[in-house]
Amino acid sequence: MAPVAEATYQSLIPGSLELAASGRPQPGGWRNSICALPGQLQGRRPAFRSMTAGLRVTGGEACATARPEAVLFGAISDPRLRVIRPIPLKVAREGEQTRVQWVDTDTVASGGTLTGAMEKFGARLCALFHELVDSRSLDEDRARLLEVLAEHIAFRPA
């Protein structure tokens with residue numbers, strides 16, 4: 001059974017306040033132009049109605065997580081490069097670390113937060129792209145990897 005919490009609240013007491021400069025008399029209990037509601041002076045408690053309402057709190061699958069299962073990445077910090085097509089990343093939590101993975105290239109990065117993991121992913125992706133572009137010869141797997149990267153990343157026009 002889900003835990004139940006009870007809450008109470010106090011309704012405001014309707015009233016009006018006339019300022020001393022208005023020339024109208026003030027209600028009894030108000031002295032020396034103190035701006036306070038009647039019943040709050042001289043230690044008296046104002047009359048109020050209390051209401052109790054039931055509040056249901058459930059846990060488990062009913063609560064949504066703040067961490068998405070997938071994100072579209074497009075934040076490369078290298079000024080020479082730009083993202084021309086968003087990169088789909090899977091997001092997972094492993095212990096205290098958040099892990100992002102681009103399945104098509106099997107590129108992975110981890111960080112304490114989702115933002116930290118994506119920053120590391122962006123840095124790793126830039127380094128990989130530059131390494132593959134600058135390479136004089138590529139084997140078949142690395143050539144395919146460069147093709148996939150080139151569908152998503154390009155050099156900025158000069």
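Residues numbered from 1 in each chain as written. Predicted model: local features only at pLDDT ≥ 70, side-chain atom pairs only at ≥ 80, totals over all residues. Heavy atoms only, no water.

For the chain, the helix and strand inventory stands at two helices and eight strands. Ordering the α and β elements of the chain from the N terminus gives β-β-β-β-β-β-β-α-α-β. Taken over 158 residues, the chain has a buried fraction of 23%. For the chain, the share of sequence-separated contacts (at least 6 apart) that also reach a separation of at least 24 residues comes to 45%. Roughly 11600 Å² of accessible area belongs to the chain as shown, and the carbon and sulfur atoms make up 53% of that amount. (Helix = DSSP H or I, 4+ residues; strand = E, 2+ residues; numbered from the N terminus. Buried < 20%, exposed > 50% of the residue type's maximum accessible area, 1.4 Å probe, protein only. Contact = heavy atoms within 4.5 Å. Areas by Shrake-Rupley, 256 points an atom, 1.4 Å probe, with all protein chains shown as cover.)

This part takes up the pairing of strand β3 (residues 70–73). Because side chains alternate across β3, one face comprises the buried residues V71 and F73, and the other comprises A70 and L72, none of which is buried. Relative to strand β5 (residues 87–94), β3 runs antiparallel, the two sharing four bridges. By the bridge assignment for β5, F73 is matched with I87. (Pairing = 2+ DSSP bridges.)

Taking strand neighbours across the sheet as the criterion, the four strands line up as β3-β5-β6-β7 in an open arrangement whose pairing is antiparallel. Bordering the open sheet on either side are β3 and β7 (107–111), each of which pairs with just one other strand. Across the sheet, the mean angle separating the axes of adjacent strands is 30 degrees when strand polarity is ignored. The sheet strands contacting helix α1 (residues 114–134) are β3, β5, β6 (97–102) and β7, and the helix crosses β7 at an angle near 145 degrees. (Axes fitted to C-alpha atoms, helices over the stretch in contact; angles between N-to-C directions.)

This part takes up the packing of α1 against helix α2 (residues 140–152). For any two helices packed against each other, one specifies the crossing angle of their axes together with the interaxial distance. The N-to-C vectors of α1 and α2 enclose an angle of 125 degrees; their axes lie 10 Å apart at closest approach. If you check the angle between α1 and α2, you find them oblique. Seen along the crossing, α1 lies across α2 with a hand that is left-handed. For the pair α1 and α2, contact is made by L125, L128, F129, E131, L132 and V133 and by R142, L145, L146, L149 and A150, respectively. Grouping the amino acids of the contact of α1 with α2 by side-chain chemistry returns nine nonpolar, no polar and two charged. (Parallel < 35°, antiparallel > 145°, perpendicular 65-115°, else oblique. Left-handed = near helix turned anticlockwise from the far one by under 90°. Nonpolar A, V, L, I, M, F, W, Y, C, P; charged D, E, K, R; others polar.)

This part is about the nonpolar core. Inside soluble globular proteins, nonpolar side chains tend to come together where they are buried. Formed by 21 residues in total, the largest nonpolar core has its most connected members in I87, L89, W102, F121, L125, L149 and I153. Mapped onto this core, the elements with two or more residues apiece are β3, β5, β6, α1 and α2. (Core = buried A, V, L, I, M, F, W, Y, C linked by side-chain atoms within 4.5 Å.)

Moving on, we get to the side chain of D78. Here D78 is to be found in the loop between β3 and β4 (81–83). Only 2.8 Å separates the side chain of D78 from the backbone nitrogen of R80, close enough to count as a polar contact. Polar side-chain contacts of D78 include one of 2.7 Å to the side chain of H130. Ignoring anything within four residues of it in the chain, the contact list for D78 reads C126 and H130. (Polar contact = N/O pair within 3.5 Å; in protein donor to acceptor, adjacent residues only side chain to side chain.)

These figures capture arrangement, not role.
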